[in-house]
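Chain residues, written in single-letter form:
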Amino acid sequence: MTVPALAIFHLTKSFDRPVVQDLDLTIKAGEFYALLGPNGAGKTTILRMVAGLLQPDVGDISIFGIDARRDPIAAKRLVAWVSDEPMVYDRLTPLEYLEFVAGLWQVEPKKAQAKADELIDWLGLRPHANQLCGGFSMGMLQKVALAGALVHDPKLIILDEPLTGLDAGSARTVKDVLLGKVRDGVTVIMTTHILEVAERMAERIGVIKEGRLLAEGTLAELRTRIGRESSLEDIFLDLVAQSGETDAVAA
Ligand SMILES: Nc1ncnc2c1ncn2[C@@H]1O[C@H](COP(=O)(O)OP(=O)(O)OP(=O)(O)O)[C@@H](O)[C@H]1O
């Protein structure tokens, strides 16, 4: 069996209350996986633990077979994390920012420059490549942050709400870049509240509520589970409502 891109076992995290509860999740290499869930379901918390930005209370995270808790540096080398709050240095141009990030990853300078040029063109940033990021709109900053996350050729790309705030053209560009990456064999995990995007792009969809996986599968599998031909929006709302009823019965 091939090693999964991501395998999570018994992942658990509490803040003032339990936020991620004994979560198991496996994502195959080369898969496009969408993580859905209502506000506060724990999606960002899960992904931040996978990206090594937050320590789990309990549980194991394996990235392409590397134990991310034992060997975080090796695991992080394989991962790109794209937050919904782009962090880019105001006083650098996109090209300078990409050079800086490539330096942190110790990408060989010639390769880094070629990669930066490719990403700048892919993301339509060429006209702004030499302007300071400080004057950029949120959408442009998101694209620069995405380029920065891809500069070291990650095998697993994790994105938290990557399309929020993007205009239609920019959203299309980002979607095309991600689909292109999946075609190249890269694994993508993305949270989104735009169910149409998950429906169109993701091969598998996981629905999270209160830090637990309510259901996962292809759209067809989720439809079978619900027992009727529905849109992802209907399936999602049904699943979330059903789990509320179950909780109410259990309580
Ligand atoms: N650092 C933190 N300290 C305390 N509570 C936190 C922290 N980070 C997240 N939480 C809480 O954990 C819960 C889950 O948050 P999280 O951001 O993971 O949810 P989400 O599913 O990504 O939600 P959304 O769709 O609204 O972005 C929320 O109640 C949030 O307030």
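Quick caveat, the model's predicted, so the values are computed rather than measured.

### Quick look at the UniProt feature "domain: ABC transporter" (unreviewed entry) in the protein chain
Working step 1: Here, UniProt's "domain: ABC transporter" (unreviewed entry) annotation points to residues 3–235.
Working step 2: Taken as a whole, residues 3–235 contains 37% helix and 25% strand, while its terminal C-alpha atoms sit 30 Å from one another.

### So, helix α5 (residues 138–150)
Side chains of residues three or four places apart in an α-helix project in the same direction, reflecting 3.6 residues per turn.
Working step 1: Its 13 residues place the ends of α5 18 Å apart at the C-alpha level, agreeing with the 18 Å of an ideal helix rising 1.5 Å per residue.
Working step 2: The element α5 is largely enclosed, with a buried count of 10 among its 13 residues.
Working step 3: Every buried residue belonging to α5 is among M140, Q142, K143, V144, A145, L146, A147, G148, A149 and L150, and all of these are buried.
Working step 4: Contacts from the buried residues of α5 go to β6 (79–82), α3 (94–104), α4 (109–122), β7 (156–160) and α6 (168–183).

### Some thoughts on the sheet that holds strand β1 (residues 6–14)
Working step 1: A sheet is described by the order of its strands in space; here four strands give the open sequence β2-β1-β4-β5, paired in antiparallel fashion. At either margin of the open sheet sits one strand with a lone partner, and together these are β2 (18–27) and β5 (66–67).
Working step 2: As paired strands, β1 and strand β4 (residues 58–63) are joined by five bridges and run antiparallel to one another. Pairing of F9 across the sheet is with D60, part of β4.
Working step 3: Taken strand by strand, helix α1 (residues 43–50) contacts β1, β2 and β4, and its axis lies near 120° from that of β1.

### Looking at the packing of α3 against α4
Two quantities define a packed helix pair, namely the angle between the helix axes and the distance between the axes.
Working step 1: Interhelical geometry of α3 versus α4 gives an angle of 135° and a closest axis separation of 10 Å. Taken together, α3 and α4 sit at an angle that is classed as oblique. In terms of crossing hand, the pair formed by α3 and α4 is right-handed. Across the interface between the two elements, P94, L95, L98, E99 and A102 from α3 touch A112, K115, A116, L119 and I120 from α4.

### What about the sheet that holds strand β9 (residues 204–209)?
Working step 1: Read from one edge to the other, the open sheet built from six strands follows the order β6-β7-β8-β3-β9-β10, with strand pairing classed as mixed. Only two strands of the sheet have a single neighbouring strand rather than two, namely β6 and β10 (212–217). Neighbour to neighbour, the strand axes of the sheet diverge by 15° on average, direction disregarded.
Working step 2: Pairing between β7 and strand β8 (residues 187–191): five bridges, direction parallel. Residue pairing for β8: I157 is matched across the bridge by V188.

### Observations concerning the site of the ligand
Working step 1: In the vicinity of the ligand, the contacting residues are F15, V19, G37, N39, G40, A41, G42, K43, T44 and T45.
Working step 2: Sorting elements by how many residues they give to the shell around the ligand places α1 first, with three residues.
Working step 3: Here the shell around the ligand is composed, by residue class, of three nonpolar, six polar and one charged.

### Description of α1
Working step 1: Counting buried residues in α1 gives six out of eight residues, a clear majority hidden from the surface.
Working step 2: Positive phi shows up at G52, right after α1, with a value of about 80°.

### Some details on the pairing of β2
Working step 1: Here six bridges tie β1 to β2, and the two strands are oriented antiparallel to one another. When the bridges of β2 are listed, I8 appears paired with L25.
Working step 2: Here β1 folds back onto β2 in antiparallel fashion, the turn holding three residues.

### As for the packing of α3 against α5
Working step 1: One can describe the packing of α3 onto α5 by two numbers: an axis separation of 9 Å at closest approach and a directional angle of 30°. Considered as vectors, α3 and α5 are oriented roughly parallel to each other. Of the two elements, α3 crosses α5, and the hand of that crossing is right-handed. Within the contact between the two elements, α3 uses P94, Y97, L98 and V101 and α5 uses V144, A147 and G148.
Working step 2: When its residues are assigned to classes, the contact of α3 with α5 shows six nonpolar, one polar and no charged.

### Quick word on the environment of V107
Working step 1: Along the chain, V107 falls in the loop between α3 and α4.
Working step 2: Accessibility expressed as a C-beta count within 10 Å gives 20 for V107, which makes it buried.
Working step 3: As a C-alpha pair, V107 and Q242 span 135 residues in sequence and 49 Å in three-dimensional space.

Rules behind the numbers
- Residues numbered from 1 in each chain as written.
- Predicted model: local features only at pLDDT ≥ 70, side-chain atom pairs only at ≥ 80, totals over all residues.
- UniProt positions renumbered as here; feature names shortened; annotations may be inferred.
- Helix = DSSP H or I, 4+ residues; strand = E, 2+ residues; numbered from the N terminus.
- Expected span 1.5 Å × (residues − 1).
- Buried ≥ 20, exposed ≤ 12 C-beta atoms within 10 Å, placed from the backbone.
- Contact = placed C-beta atoms within 7 Å.
- Pairing = 2+ DSSP bridges.
- Axes fitted to C-alpha atoms, helices over the stretch in contact; angles between N-to-C directions.
- Parallel < 35°, antiparallel > 145°, perpendicular 65-115°, else oblique.
- Left-handed = near helix turned anticlockwise from the far one by under 90°.
- Near = placed C-beta within 6 Å.
- Nonpolar A, V, L, I, M, F, W, Y, C, P; charged D, E, K, R; others polar.

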